[in-house]
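Examining the three-dimensional arrangement
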Amino acid sequence: MTTDTIEVLRQAYLRAQLAGNRREALRLIVDEGLMRGLSIPTLHLDIIQSAQVEIGRLWQENHISVAQEHLATAISQLALSHLYRHLPRDPANGRTVMLSCVEGELHELGARIASDFLEMAGFDVRFLGANVPAEHLAREVRESKPDLLALSVTMSYHVPALRKAVTAVREVEPLLPMAVGGLAFTWAPGVEAELGVPFFGKDARELVAAACRMFEV
Ligand code: B12
């Protein structure tokens, strides 16, 4: 598929989101995308993520309401659910990654896509979703013992919650490798260095590359 075809599909998907047309959005993603040979990473990043960014711009500039943004995001959640069982998976590499948003962080779609990418690369993934309180995160880490904890932060004002999460987890598992990512680090670069946790990349592809380098898989 050419860049033009991807752009046409992205625009059509965005229109379906804005119309609140779930059936059409799924038809585009599955029938026009997946069935016509578009790769899952392309559908995740170049169609769904990219459309979400555009939804954010339209909302910020007051062209659409909060309700329309919710409608559009619910459609992307549905699309990701449909794609999930089609994820091409590398053989299991024996490593488990836990991926979670910090307390108060409601933006979970990015962490969800990141989780799907890690699964495609052969990692076993425990995706906790949005808004996980630090003490509950620490308890889950202690109980399920992942090999890596990846924390997602979108809003810069959730950096104190990230600090709290890192501290709580270090108390129960001092040696557990942790990594961070999400839009907050684009807007407030350098936070990760202060916390002593590495930034693992600006999108799901970079996260997978960093995780594979870390475990040499
Ligand atoms: C949908 C949405 C919401 C939804 C989220 C629903 C959900 N279930 O996720 C809701 C309605 C909850 C929401 C709320 C808010 N939002 Co909002 N939201 C968005 C929007 C439109 C899309 C988010 C999205 O789905 N992005 C697509 C995903 C796939 O991209 P991503 O998150 O960047 O994830 C990728 C990478 O960052 C990375 N990544 C993510 N996590 C991790 C973790 C690791 C370890 C690594 C390595 C990588 C990684 O990989 C991901 C996949 O490639 C964005 C616009 C945008 N530009 O993203 C605004 C946006 C993020 N929101 C914004 C704002 C202001 C808010 C609110 C403050 C609004 C308000 N006044 O209440 C609240 C804050 C809520 C909170 N407490 O967290 C602003 C932030 C601006 C800023 N500079 O701070 C944005 C940018 C909109 C805008 N253009 O102004 N929002």
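Note: the structure precedes this text.
Basis of the calculations
Residues numbered from 1 in each chain as written. Predicted model: local features only at pLDDT ≥ 70, side-chain atom pairs only at ≥ 80, totals over all residues. Heavy atoms only, no water. Near = heavy atom within 4 Å. Polar contact = N/O pair within 3.5 Å; in protein donor to acceptor, adjacent residues only side chain to side chain. Helix = DSSP H or I, 4+ residues; strand = E, 2+ residues; numbered from the N terminus. Pairing = 2+ DSSP bridges. Axes fitted to C-alpha atoms, helices over the stretch in contact; angles between N-to-C directions. Contact = heavy atoms within 4.5 Å. Donors = N, O, S within 2.8 Å, 3.2 Å for Na, K, Ca; no water.

This next bit is on the site of the ligand. Taken together, 37 residues are adjacent to the ligand, and Q49, L106, H107, E108 and S152 come closest. Separating a nitrogen atom of the ligand from a backbone N or O atom of G104 is a distance of 3.0 Å. Between an oxygen atom of the ligand and a main-chain N or O atom of L109, the distance comes to 3.4 Å. Of the residues forming the shell around the ligand, the biggest block, seven residues, is contributed by helix α3 (residues 40–60).

Overall, parallel pairing links the four strands, which are arranged β2-β1-β3-β4 in an open sheet. Single-partner strands in this sheet number two, and they are β2 (124–132) and β4 (178–181). Averaged over all pairs of adjacent strands, the angle between their axes in this sheet comes to 20°, without regard to strand direction. Pairing of strand β3 (residues 148–152) with β4, which is carried by four bridges, proceeds in the parallel orientation. What sits directly across from S152, in β4, is G181. Packing against the sheet, helix α6 (residues 134–144) makes contact with β1 (96–102), β2 and β3, and its axis sits at approximately 165° to β2.

What follows concerns the coordination of the cobalt atom of the ligand. When only protein atoms are considered, the cobalt atom of the ligand has one donor, H107 (NE2), at a distance of 2.2 Å. Tracing the backbone shows H107 in the loop between β1 and α5 (109–120).

Geometric descriptors of this kind do not, in isolation, establish any biological role.
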